[in-house]
Amino acid sequence: MPRDTFLPFAPPCLGEAEVAAVTEVLRAGTWLSSGPKTKEFEDKFQARVQAKAALALNSATAGLHLSMVLHEVKPGDEVITTPMTFVATANVVEHVGGTNVLADVEPDTLLIDPAQIERAITKKTKLITPVHYGGQACDMERIEKIAKSSGIAIVEDAAHCGPSLVNGKPVGSSSNINLFSFYANKNMTTGEGGMMTGPVDLIDRARVLALHGMTRNAWNRYAKGGTWKYDVPEPGYKYNLTDIAAALGVVQLGRLDELYALRMKIVDTYERAFAGHKFVTPLKIRKGNQSSYHIYVIQLNLDTLKIGRDEFIVQLNERNIGTSVHYTPVHMMSYYAKKYGWKPETFPNAFKASERVLSLPLSSKQTVREAEDVIEAVNDVCAKFKR
Ligand SMILES: *Cc1c(COP(=O)(O)O)cnc(C)c1O
């Protein structure tokens with residue numbers, strides 16, 4: 001039986017504890033900007049991913065931009081990233097006047113291909129920003145080796161990573177800068193928000209840059225015994241998180257394992273249904289990795305179907321199934337295509353994937369019954385439009 005109500009793609013999973021935590025900050029009526037809740041959120045997140053230091057930010061994008069500043073990416077410098085990412089990863093390079101260089105993805109994991117990174121390195125390469133697509137970590141062992149031998153820094157776009165593990169270690173625990181996102185549809189959310197983890201010296205400098213470049217934050221200045229004096233050694237930005245958002249974050253972080261278990265029930269249902277499927281292929285998860293499954297991506301086997309991906313999405317929508325696409329590759333966005341002269345075929349694996357990928361509904365709020373509705377709808381569309 002087709003669904004008679006629309007199943008949204010990825011709604012947040014919030015409960016009374018989240019409502020109470022936010023309300024508590026509002027009722028206290030003392031401090032709404034970055035303060036004690038933000039500090040608590042940073043400390044707990046740092047412990048959770050076994051990082052040396054953590055800095056809460058108002059978005060992962062803010063953190064990506066700060067990373068460009070911390071690593072002093074300047075005009076003429078090249079930053080290597082993947083075409084299969086949210087465009088923020090590339091946009092921040094443009095903001096500091098750097099040059100984006102793309103390395104194509106592996107066709108089965110859609111993660112950046114280390115061999116392509118190697119080929120893309122020049123004397124001007126300053127930074128590599130691998131993206132842990134879907135919540136599965138890239139081949140960091142190989143990428144670290146490549147970066148080290150060329151003296152290049154790494155910034156990990158871990159925006160998709162909730163509880164992701166790479167070779168048994170949490171993503172975020174590396175000595176690189178790591179950026180997590182708590183955007184509304186991410187595994188855990190603060191509405192808008194992000195977290196930077198990494199070495200103490202870089203995080204300390206990022207903390208100053210994230211608040212106008214001021215040597216002392218407002219919370220400390222306004223506390224009893226605090227001083228009004230501060231210096232600005234360099235002009236910073238306004239990237240700090242509010243205590244209201246942090247209160248939400250503390251609760252969501254505390255529920256991360258619970259949220260992950262709920263998510264995995266849906267993922268397991270999908271995995272069973274799509275293993276060896278004739279018409280669709282799920283993402284491959286590499287041995288030794290634990291994906292956070294931020295998204296559940298399938299690639300359509302287009303040679304078995306009479307319709308393309310866009311029509312497939314329309315058909316699912318008609319069956320009350322919401323979906324999304326991750327992503328139209330960076331090099332196919334008009335700004336980038338025009339500026340760099342990139343054609344869709346310039347990065348053939350990303351291009352091929354861009355015509356085949358779609359992300360099925362997935363959230364910790366979803367029921368197994370709803371996942372079965374999705375599977376039924378996918379199978380129905382495949383049966384109706386098989387070649
Ligand atoms: C969500 C996302 C971002 C941006 O995160 P914000 O917190 O919304 O700024 C960056 N990169 C990737 C891969 C993302 O999915």
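About the thresholds
- Residues numbered from 1 in each chain as written.
- Predicted model: local features only at pLDDT ≥ 70, side-chain atom pairs only at ≥ 80, totals over all residues.
- Heavy atoms only, no water.
- Helix = DSSP H or I, 4+ residues; strand = E, 2+ residues; numbered from the N terminus.
- Rg over C-alpha atoms; globule rule 2.2 N^0.38 Å.
- Buried < 20%, exposed > 50% of the residue type's maximum accessible area, 1.4 Å probe, protein only.
- Contact = heavy atoms within 4.5 Å.
- Lys, Arg positive; Asp, Glu negative; His and termini not counted.
- Charge placed at Lys NZ, Arg CZ, Asp CG, Glu CD.
- Disulfide = S-S within 2.5 Å.
- Pairing = 2+ DSSP bridges.
- Axes fitted to C-alpha atoms, helices over the stretch in contact; angles between N-to-C directions.
- Core = buried A, V, L, I, M, F, W, Y, C linked by side-chain atoms within 4.5 Å.
- Near = heavy atom within 4 Å.
- Polar contact = N/O pair within 3.5 Å; in protein donor to acceptor, adjacent residues only side chain to side chain.
- Areas by Shrake-Rupley, 256 points an atom, 1.4 Å probe, with all protein chains shown as cover.
- Nonpolar A, V, L, I, M, F, W, Y, C, P; charged D, E, K, R; others polar.

Trainee: Give me the overall build of the protein: which residues, what numbers.
Mentor: A count of helical and extended segments in the protein gives 14 helices and 13 strands. For a compact globule of 387 residues, the expected C-alpha radius of gyration is about 21 Å, and the protein comes in at 22 Å, within 12% of that figure. For the C-alpha atoms alone, the extent of the protein along its principal axes is close to 75 × 55 × 35 Å. Of all 387 residues assigned to the protein, the portion counted as buried reaches 56%. Long-range contacts, defined here as pairs at least 24 residues apart, represent 72% of the contacts in the protein between residues at least 6 apart. Across the protein, the mean location of the 45 positive side-chain charges is 2 Å away from that of the 42 negative side-chain charges.

Trainee: Give me the state of the cysteines: which residues, what numbers.
Mentor: On inspection of all chains with the given rule, the structure shows zero disulfides. Residue Cys-13 stays outside any disulfide, its sulfur separated by 20 Å from that of Cys-161, the closest cysteine. Under the relative-accessibility criterion, Cys-13 is labelled buried at 15%. Unpaired in terms of disulfides, Cys-138 finds its nearest cysteine sulfur in Cys-161, a separation of 8.5 Å.

Trainee: Any details on the sheet that holds strand β13 (residues 357-360)? Residues and values, ideally.
Mentor: In spatial order, the strands read β10-β12-β13; together these three strands make up an open sheet with antiparallel pairing. Of all strands in the sheet, those bounded by a partner on one side alone are β10 (280-282) and β13. Along the sheet, successive strands turn relative to each other by an average axial angle of 35°, direction set aside. Note that β10 and strand β12 (residues 296-300) share three bridges and pair antiparallel. When the sheet's bridge partners are listed, Thr-281 is paired in β12 with Gln-299. Across the sheet, helix α10 (residues 256-274) touches β10, β12 and β13, and the angle it forms with β12 is around 20°. Lying on the sheet, helix α11 (residues 309-318) is in contact with β12 and β13; it crosses β13 at an angle near 20°.

Trainee: Let's hear about the nonpolar core: which residues, and what values?
Mentor: Counting 36 residues, the largest nonpolar core has Leu-110, Ile-117, Tyr-133 and Ile-143 as the members making the most contacts within it. For this core, the secondary-structure elements that each account for two or more residues are β3 (99-102), α5 (114-120), α6 (140-150), α12 (334-340) and α13 (348-354). Here this core takes four residues from α6, the largest share from any one element. Those residues in contact with Leu-110 that sit more than four places away from it in its chain are Met-84, Val-105, Tyr-133, Leu-283, Gln-299, Ala-353 and Val-357. Ranked by size, the runner-up nonpolar core spans 31 residues in total, among them Met-264, Val-267, Val-374 and Ala-377.

Trainee: Lay out the site of the ligand with the relevant residues and their values.
Mentor: In the region of the ligand, 15 residues are neighbours, and Thr-61, Asp-157, His-160, Ser-181 and Lys-186 sit closest. At a separation of 2.9 Å, an oxygen atom of the ligand approaches a polar backbone atom of Ala-60. His-160 places a polar side-chain atom, nitrogen or oxygen, 2.8 Å from an oxygen atom of the ligand. Contact with the protein chains covers 93% of the free accessible surface of the ligand, which is 380 Å². Classifying every residue of the shell around the ligand gives six nonpolar, seven polar and two charged.

What is shown is where atoms sit, not what they do.
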